[in-house]
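Residue strings, one per chain:
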Amino acid sequence: MGALVPRVGVLDIAPYVPGRAVGLEDAPGTVLLSSNESPFGPSRAAVAAARKAAATINRYPDPSASGLREALAARHGIAADRIVCGAGSDELLGYLARAYAGPGDEVIYSRHGFVMYPIAARSAGSTPISVPEKSLCTDPNAMLAALTPRTRIVFIANPNNPTGSWLTKDAIARLHRALPPSVLLVIDAAYAEYATDPMYESGLELVTRHENVVMTRTFSKIYALAGLRVGWAYGAPALVDVLNRVRGPFNVSNVGIAAALAALADTAHETRAREHNSRWLPRLSRAIAALGLELLPSIGNFVLIRFGAAPKDAGSAHRFLAARKVLVRPLGSYGLPDCLRVTVGKPAEIKAFVAALTDFMRAP
Ligand SMILES: *Cc1c(COP(=O)(O)O)cnc(C)c1O
């Protein structure tokens, strides 16, 4: 008899490497710029709603999260019955892979795309196909060139994490037009609330008009509710029906639903976070560029910095910054060992980061 083994592909999954440096992050005075969390934290109304909902945790949550779906629908001018909520968008990405791809199928993602795509593809038993990028940006032509009769899903993060790079509304629409109707385009818009460029479109329009596109969003980033695990997907009725079949009936907690609803209603808090980002992302970027470092234009709440050769390499920079209690994200697990990702923090945090990075670059 053979030993107990999981299905093909599962042991090929490289486990997710979190941005957090466990232990270090709690040290007093640590500047945490490694996990793309909002510097302002969650809305106080959201925290109060979560506290209040704690009184009901003996009850199962609303299995269809209808209140939250209706609030999202009203906010975005879309139909509530085309929305499915999930325990973070990660859960929904996993469901999409499992529902639409399986053994023998191929799932396309960008070489430095969000790390969950190959994980989701492999756990579904399908084969992740990594396609090359153009200057660290998703390359729609390379994606189209990778299509085969086995392709079932194309995953795109827009903007992408960890690179911050993004595709315009037109580029995504062109990519979609060239896909066969049997291939699902997943647009992961985890940072959509930060994107203010008029050429950016989160996917709402494309999903409204087409059956083979789905957009995922999250309450983890601008709403700063990562610990509660709330995300959502917007898709065509048939796709929503599929997700509702594969998901667990109580996949979003009542505390999560309550907090997300309050966060969505607190538009002042959201606007403040977005405006802070619009103001400080360019400043942070200019300060990094002024040190002679290469960086990628970003529309998220983070930037990717590319380092050179030793002694000014990314690993040395990471260690130097950590010794100054400034934590940024190393990207070896993304195949970008020469890069670091830094989150747009509070002004004082940005200042501490720039000061430490300046000292690193000037040190002999
Ligand atoms: C953070 C992130 C997610 C996951 O968010 P959750 O809703 O917390 O699961 C998905 N995609 C991208 C690109 C992200 O950066």
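Structure's up top.
Source: prediction; values computed, not measured.

**Section: the nonpolar core**
Then comes step 1: Core analysis: the biggest nonpolar cluster contains 60 residues, and L185, F219 and W232 have the highest contact counts within it.
Then comes step 2: The element that contributes the greatest number of residues to this core is helix α9 (residues 254-265), accounting for seven residues.
Then comes step 3: Other than its neighbours up to four places away in sequence, F219 contacts L68, L72, A224, L225, A226, V230, G231, W232, A260 and L264.
Then comes step 4: If you look at the next biggest cluster of nonpolar residues, it comprises 32 residues, including L93, F114, M116 and V214.

**A word on the site of the ligand**
Then comes step 1: Of all residues adjacent to the ligand, which total 13 residues, the nearest are S89, D188, T218, S220 and K221.
Then comes step 2: D90 has a polar backbone atom sitting 2.9 Å from an oxygen atom of the ligand.
Then comes step 3: Taking T218, its side chain carries an N or O atom lying 2.5 Å from an oxygen atom of the ligand.
Then comes step 4: Residue contributions to the shell around the ligand peak at three residues, all from helix α3 (residues 88-100).

**Quick look at the sheet that holds strand β10 (residues 302-306)**
Then comes step 1: Pairing within the open sheet is antiparallel, and its four strands lie in the order β9-β10-β13-β12. Every other strand in the sheet has two partners, leaving β9 (294-295) and β12 (329-330) as the edge strands with one partner each.
Then comes step 2: One ladder, built from two bridges, connects β9 with β10; its direction is antiparallel. Bridge pairing links L295 to I305 in β10.
Then comes step 3: Of the strands in this sheet, β9, β10 and β13 (339-343) touch helix α10 (residues 267-290), which is tilted by about 10° from β10.
Then comes step 4: Helix α11 (residues 314-323) contacts β12 and β13 of the sheet and is inclined by roughly 40° relative to β13.

What counts as what
- Residues numbered from 1 in each chain as written.
- Predicted model: local features only at pLDDT ≥ 70, side-chain atom pairs only at ≥ 80, totals over all residues.
- Heavy atoms only, no water.
- Core = buried A, V, L, I, M, F, W, Y, C linked by side-chain atoms within 4.5 Å.
- Buried < 20%, exposed > 50% of the residue type's maximum accessible area, 1.4 Å probe, protein only.
- Helix = DSSP H or I, 4+ residues; strand = E, 2+ residues; numbered from the N terminus.
- Contact = heavy atoms within 4.5 Å.
- Near = heavy atom within 4 Å.
- Polar contact = N/O pair within 3.5 Å; in protein donor to acceptor, adjacent residues only side chain to side chain.
- Pairing = 2+ DSSP bridges.
- Axes fitted to C-alpha atoms, helices over the stretch in contact; angles between N-to-C directions.

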